[in-house]
2 protein chains.
Amino acid sequence: MQPVSIGLLGLGTVGAEVARLVEDRNGPFATRAGREVVLKKVAVRDRLKSRGLALPIDVLSTDPIAVAADPAVDIVVELMGGIEPARTAVLAALEAGKDVVTANKALLAEHGAELFAAARRSGRAVAFEGAVGGGIPIINTIGVGLAANRFKAMAAILNGTCNFILSSMARSGLSYAEALRQAQRLGYAEADPTLDVDGTDTAHKLAILAQLAFGASVTTSMIPKQGIDTLQSADIQYAAELGYTVKLLAVARDHGDAGLELRVAPRLVRKGSPLAEVSGPDNAIRTVGDPVGSTLISGQGAGAGPTASAVLGDLIDVIVGRAALTARSLALWPEAAPPPRLCSPKDVRGRAYLRFSIADRPGVLGSIAQVLGRHNVSIASVIQHDPGEDDQPDAPVPLVMMTHVASEADLDAALDAIDRLLVVSPPSVRLGVED
Amino acid sequence: MQPVSIGLLGLGTVGAEVARLVEDRNGPFATRAGREVVLKKVAVRDRLKSRGLALPIDVLSTDPIAVAADPAVDIVVELMGGIEPARTAVLAALEAGKDVVTANKALLAEHGAELFAAARRSGRAVAFEGAVGGGIPIINTIGVGLAANRFKAMAAILNGTCNFILSSMARSGLSYAEALRQAQRLGYAEADPTLDVDGTDTAHKLAILAQLAFGASVTTSMIPKQGIDTLQSADIQYAAELGYTVKLLAVARDHGDAGLELRVAPRLVRKGSPLAEVSGPDNAIRTVGDPVGSTLISGQGAGAGPTASAVLGDLIDVIVGRAALTARSLALWPEAAPPPRLCSPKDVRGRAYLRFSIADRPGVLGSIAQVLGRHNVSIASVIQHDPGEDDQPDAPVPLVMMTHVASEADLDAALDAIDRLLVVSPPSVRLGVED
Ligand SMILES: NC(=O)c1ccc[n+]([C@@H]2O[C@H](COP(=O)([O-])OP(=O)(O)OC[C@H]3O[C@@H](n4cnc5c(N)ncnc54)[C@H](OP(=O)(O)O)[C@@H]3O)[C@@H](O)[C@H]2O)c1
Ligand SMILES: NC(=O)c1ccc[n+]([C@@H]2O[C@H](COP(=O)([O-])OP(=O)(O)OC[C@H]3O[C@@H](n4cnc5c(N)ncnc54)[C@H](OP(=O)(O)O)[C@@H]3O)[C@@H](O)[C@H]2O)c1
């Protein structure tokens, strides 16, 4: 049998590890691929950068689109990241009749429909295990292992940077800014962490999972999102006092006729529950399906080794021919997809954590409770500590509440009204509880 | 396209749920299979039993081997359990050129080599996701999602009955016998629970996972096993005092040139670690692979719905053609497999929990410590409670120890010597710690 020729686009953190492992002729990758695999062409920005890899110089190219279209290349592995030139290169590969492996969540979340239409036109597959959850084989689990299920709900920790920051805020009482600096020092956050901490990266991944598990063709902008960059350590401490951990969650829940709930937000998870115990840079995905019930899968959500595991798994799938069959069976991002029905706040019900900054005088708790009651929100528990002696007498004091189950629309309206009370310093804090 | 005809062998807990879901023409199973699927023949013991399923009477047969060989049947789904007639029926199906789906761990653990040889001869696949971990897609995770990894270790909770019993012993302080009766009352243990509680069922599943992850062709009898039926609640309480939970674990660990460690035993897992938090009838599998690192997957390890999810996932795999490709790529139970190299106790090192029954007099702790020291076992912590006033003055009192890392061979020799001391009432209790 002829060797399979790979065109690798990108030789950074993940690409270099993939290249190294493809060269290991006696490893499990070689055994399970069952055919010789050669790196035919590798696209980089800088051909002269030293990379600690023994690649012949003529393998390197600075033109990813040419590599993708090169007739000597059988399969294209895109590990550059970003939208362009990744999008054009992937389309070029598909048009030239090649299967594609990519770990590019931004590209799939924004242009999944276009890429999968091109793949169908040419009868090819786009495999993307590395795009969500790093080394955790969540795409394979949902799309193949649990393929016979109707998914009802999903809650997932999909960004290792955020989970690391939240874990250190909870453990060491650090502020968000301090925890971010620590994460950067330890290599768990990039110099510019914006897309991680504002929830965009998690929303990209949720868009992909929503397509896979619920057939919903959403793009990132349709997903209501809140990051961790505005979280205050006080709320993490109060949540802990109430028995909860704060996690940045991607949530999807099927509300039947009312539509699909999708959101990215920091939410309270009860301590001791599996998602609460996922700490540091790990990722985890909890799904609820019928007939399987609840399943959890967790592991390293990023990093060279874990992501290379996912990319090489995809490459085996493509080489042995499974990826093409899976692509046909899943029919992702179908052309005639109706716009997704996303449900409105009145259809979403849950418990909420609230923190108000109130004037320290009698009757305030009562007025807040009254407003909540008027909006059908009932209070399950309250924390109000005695202000310390040193505190300024007129400084606002915190009032923390956990509500019973209420509709999001009612909570919206109640908080709106409360923030207009004279005795409250807006904005009040509100975090949902993931039950 | 022609509909696919299923021959279903067994219409019990799992079989009836599979039959029900195959009949759901609008569910995800039908969509992802992409072809019409019909139940052509169903084998049972008792044709007249009422089953709450609307099956035409002429579909039912009491001859599973005839159903397996019936030319009108395309795919055979074996859900009878036990060795015979399941083995003969599966072989008949493979010889007649049919793919087989089974959830029969006993059959695979004992006759995997024979079945897979027959499958290779006829170019067919045997899919067996339901055989390990119920609804948890662990076969697909190890064999496909993590296919590019070299596995180094695995620790798994694979028997829901045992985990349920251990959870209630830990939570309510019940004795083993009481917890078993409770499990039976609640439907978590069978009338005859022997194969569950003595570790046999877990060893069956470990034999299958050892083949899949390490290519080791072991049968159940090669796996050293200890069940939970001899566990005393005192040890569960002392373990809790030391910060550990006791779990029945299937353990596999690659010791390189020294060979593969395989065992089924109740072991101590540190509280707060993911496996320790798996409670009730759930199952969980933790794997360590290179390059992916540590991954955990958990969910419902038994029951009609979860197991049907696995069986129907396999059926989709077979129907779309993926199962055949996976069978070729994994080459399980290969003919020319050398006998597995299992490592000896001297190569296995770990910490151990020990409980001795000792005479309540001075110097005993010292003599025990001395024997341990002579065998290179050092002590990390000791629990010795004051005997209560009510206790008989001459009754033996418990002495509990946690050791530092020591070799199993040294621990064997030390306990042997200690149990021969006059001040010790044998046998002493020893449980390994899973770190
Ligand atoms: N890192 C992770 O842990 C992780 C985890 C999951 C998914 N991913 C995804 O995997 C992909 C790669 O991530 P990474 O961390 O490996 O990225 P990276 O370290 O920044 O590497 C990017 C590589 O692409 C090359 N490249 C970028 N733009 C190019 C262009 N216009 N033409 C040619 N080459 C170009 C770069 O070349 P030079 O080396 O010459 O600069 C570099 O080798 C991204 O989609 C990312 O989201 C990463
Ligand atoms: N139950 C679970 O949660 C679970 C989980 C994972 C894996 N599994 C595996 O799945 C398999 C089935 O388990 P189950 O719990 O569904 O078993 P079950 O409830 O005992 O059902 C067995 C079925 O097989 C039929 N059967 C048995 N011997 C037969 C024979 N000689 N000829 C024809 N039919 C025969 C029985 O017929 P009658 O109905 O007429 O008696 C019954 O319908 C087993 O291998 C088991 O290990 C089960």
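Rules and cut-offs
- Residues numbered from 1 in each chain as written.
- Chains lettered and ligands numbered in written order.
- Predicted model: local features only at pLDDT ≥ 70, side-chain atom pairs only at ≥ 80, totals over all residues.
- Heavy atoms only, no water.
- UniProt positions renumbered as here; feature names shortened; annotations may be inferred.
- Pairing = 2+ DSSP bridges.
- Helix = DSSP H or I, 4+ residues; strand = E, 2+ residues; numbered from the N terminus.
- Contact = heavy atoms within 4.5 Å.
- Buried area = accessible area lost by both parts, 1.4 Å probe.
- Salt bridge = Lys/Arg side-chain N within 4 Å of Asp/Glu carboxyl O.
- pLDDT = per-residue confidence, 0-100.
- Domains from an automatic or database assignment.
- Axes fitted to C-alpha atoms, helices over the stretch in contact; angles between N-to-C directions.
- Parallel < 35°, antiparallel > 145°, perpendicular 65-115°, else oblique.
- Left-handed = near helix turned anticlockwise from the far one by under 90°.
- Near = heavy atom within 4 Å.
- Polar contact = N/O pair within 3.5 Å; in protein donor to acceptor, adjacent residues only side chain to side chain.
- Areas by Shrake-Rupley, 256 points an atom, 1.4 Å probe, with all protein chains shown as cover.
- Nonpolar A, V, L, I, M, F, W, Y, C, P; charged D, E, K, R; others polar.
- Buried < 20%, exposed > 50% of the residue type's maximum accessible area, 1.4 Å probe, protein only.
- Arc of directions from axis to C-beta.

- Chain A carries the name Homoserine dehydrogenase in an unreviewed UniProt entry, which gives Tautonia sociabilis as its organism.
- Here chain A is described in UniProt, under the heading Catalytic activity (unreviewed entry), as follows: "L-homoserine + NADP(+) = L-aspartate 4-semialdehyde + NADPH + H(+)".
- If you open the UniProt record of chain A and go to Sequence similarities (unreviewed entry), you find "Belongs to the homoserine dehydrogenase family."

**Digging into the sheet that holds strand β3 (residues 60-61) of chain B**
- If you walk across this open sheet you meet the 6 strands as β3-β2-β1-β4-β5-β6 (chain B), and the pairing is parallel. Edge positions in the sheet fall to β3 and β6 (126-127) of chain B, since each of these pairs with one other strand and no more.

**Some thoughts on the interface of chain B and chain A**
- Contact residues are listed per partner, giving 47 residues for chain B and 47 residues for chain A.
- Approximately 3,800 Å² of surface area, both sides summed, lies buried where chain B meets chain A, with 54% of it carried by carbon and sulfur atoms.
- Applying the counting criterion to the chain B and chain A interface returns 0 salt bridges.
- Those elements that provide at least two residues to the side of chain B that touches chain A are α1 (13-22), α2 (28-33), α6 (138-145), β11 (293-300), α12 (304-320) and α13 (322-330) of chain B.

**Considering the confidence of the model for chain A**
- In the predicted model, chain A carries a mean pLDDT of 95, and the fraction of residues at 70 or more is 99%.
- Model confidence for the complex is summarised by a pTM of 0.96, with the ipTM given as 0.95.

**Observations regarding the domain arrangement of chain A**
Residue and element names in this part refer to chain A.
- Segmenting chain A into domains produces domain 1 (4-134 + 306-330), domain 2 (138-300) and domain 3 (348-434).
- Computed from C-alpha coordinates alone, the two centres of domain 1 and domain 2 are separated by 27 Å.
- Listed by partner, the interface residues are 14 residues for domain 1 and 18 residues for domain 2.
- Viewed at the interface, domain 2 and domain 1 are joined by 1 salt bridge.
- A salt bridge links K105 to D201; the nearest nitrogen and oxygen atoms lie 3.8 Å apart.

**Topic: the packing of helix α7 (residues 160-172) of chain B against helix α8 (residues 176-185) of chain B**
Residues and elements named next belong to chain B.
- At a closest axis distance of 9 Å, the pairing of α7 and α8 adopts a crossing angle of 125 degrees. Compared by their axis directions, α7 and α8 come out oblique. Handedness of the crossing formed by α7 with α8: right-handed. Here F164, I165, S168 and M169 of α7 lie close against α8, whose contacting residues are Y176, A179, L180, Q182 and A183.

**With respect to the site of ligand 2**
Residue and element names in this part refer to chain B.
- As a matter of local geometry, ligand 2 sits amid 23 residues, with L11, V14, D46, R51 and G303 nearest to it.
- Within the contact set of ligand 2, an oxygen atom lies 3.2 Å away from a side-chain nitrogen or oxygen of K105.
- Relative to its unbound accessible area of 900 Å², ligand 2 is 79% covered by the protein chains.
- When the residues that make up the shell around ligand 2 are grouped by side-chain class, the tally is 10 nonpolar, 8 polar and 5 charged.

**Some remarks on α8 of chain B**
All names here are of chain B.
- For α8, the full list of buried residues reads Y176, A179, L180, Q182 and A183. Buried residues along α8 cover an arc of 160 degrees about the axis, so they all sit on one side.
- Along its buried surface, α8 packs onto α7 and α9 (194-197).
- Backbone geometry just downstream of α8 places G187 in the positive-phi region, at approximately 85 degrees.

**Section: the sheet that holds strand β1 (residues 4-9) of chain A**
Residue and element names in this part refer to chain A.
- Spatial strand order, β3-β2-β1-β4-β5-β6: 6 strands in an open sheet with parallel pairing. At either end of the open sheet lies a strand with only one pairing partner, and these are β3 (60-61) and β6 (126-127).
- With 6 bridges connecting them, β1 and strand β2 (residues 37-43) associate as parallel partners. The partner of G7 across the bridge, within β2, is K41.

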